[in-house]
Amino acid sequence: IMDVLISLNSPAHILRDHGLNKNGDAQRFHTANVLRRIQKYMPYRSGATIKLTIAQTDVNVPVIVTHAPYAQRLFEGVAPSGRPLRYTKTKNPLAGPRWDRAVSAAEGDAMAADLQRYLKRKGG
């Protein structure tokens, strides 16, 4: 009988080594990818909301940000009166409320594949 001692790095250390922690390069890649893909699901009349989102989102932080007085109503798809918003779809035919859910449902598999390719390219 032989005893074998295996020393493993902690899960946090392994995640950090592969750029998979909150501030890692893989997370930055994914946040930038989501930011790029989510735009076609966002309302577009003048493009101001999308431009604001791009300007306010720091890909070093795993959150897409749209901070404006009207943003919550636009995101939820409900006017101050409580009535559902009707989105102009001329520029963005896929525009509607909850663009986070829309991009995830429509492109989640593609984004996961993008991330896998990224990790393979970097040797992860």
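Everything that follows concerns the structure shown earlier in this document.
Reading the values: the criteria
Residues numbered from 1 in each chain as written. Predicted model: local features only at pLDDT ≥ 70, side-chain atom pairs only at ≥ 80, totals over all residues. Heavy atoms only, no water. Core = buried A, V, L, I, M, F, W, Y, C linked by side-chain atoms within 4.5 Å. Buried < 20%, exposed > 50% of the residue type's maximum accessible area, 1.4 Å probe, protein only. Helix = DSSP H or I, 4+ residues; strand = E, 2+ residues; numbered from the N terminus. Contact = heavy atoms within 4.5 Å. Phe/Tyr/Trp six-rings, centres within 6.5 Å; stacked < 30°, edge-to-face > 60°. Lys NZ or Arg CZ within 6 Å of the ring centre and 35° of its normal. Polar contact = N/O pair within 3.5 Å; in protein donor to acceptor, adjacent residues only side chain to side chain. Patch = residues over 30% accessible without salt bridge, like charges linked within 9 Å, V, L, I, M, F, W, Y side chains within 5 Å. Areas by Shrake-Rupley, 256 points an atom, 1.4 Å probe, with all protein chains shown as cover. Salt bridge = Lys/Arg side-chain N within 4 Å of Asp/Glu carboxyl O.

## A word on the nonpolar core
- Ranked by size, the top nonpolar core spans 12 residues in total: Val34, Ile38, Tyr41, Met42, Ile50, Leu74, Phe75, Tyr87, Ala95, Trp99, Val103 and Met111.
- Sorting the residues of this core by element identifies α2 (25–38), α4 (71–76) and α5 (99–121) as the ones contributing at least two each.
- The dominant element in this core, judged by the number of residues it contributes, is α5, at 3 residues.
- Leave out the neighbours within four places in its chain, and Leu74 touches Pro43, Thr49, Leu85, Tyr87, Pro97 and Trp99.

## Quick word on the environment of Ala32
- Here Ala32 lies in helix α2.
- Here the alpha-carbon distance between Ala32 and Asp100, two residues 68 residues apart in the chain, equals 14 Å.

## A word on the packing of aromatic side chains
- For the structure on display, the rule yields 2 aromatic pairs.
- The cationic tip of Lys91 hangs over the ring face of Tyr44; the distance from NZ or CZ to the ring centre is 5.4 Å.

## Regarding the side chain of Thr49
- Counting through the fold element by element, Thr49 comes out in helix α3 (residues 48–56).
- Among the polar contacts made by the side chain of Thr49, one reaches the side chain of Tyr70 at a distance of 3.0 Å.
- Residues within four places of Thr49 in sequence aside, it is in contact with Met42, Thr66, Tyr70 and Leu74.

## Remarks on a nonpolar patch on the surface
- There is a patch of nonpolar side chains on the surface, built from Met2, Val4, Ile6 and Leu8 and spanning about 530 Å² of accessible area.
- Owing to a relative accessible area of 70%, Leu8 belongs among the exposed residues under this scheme.

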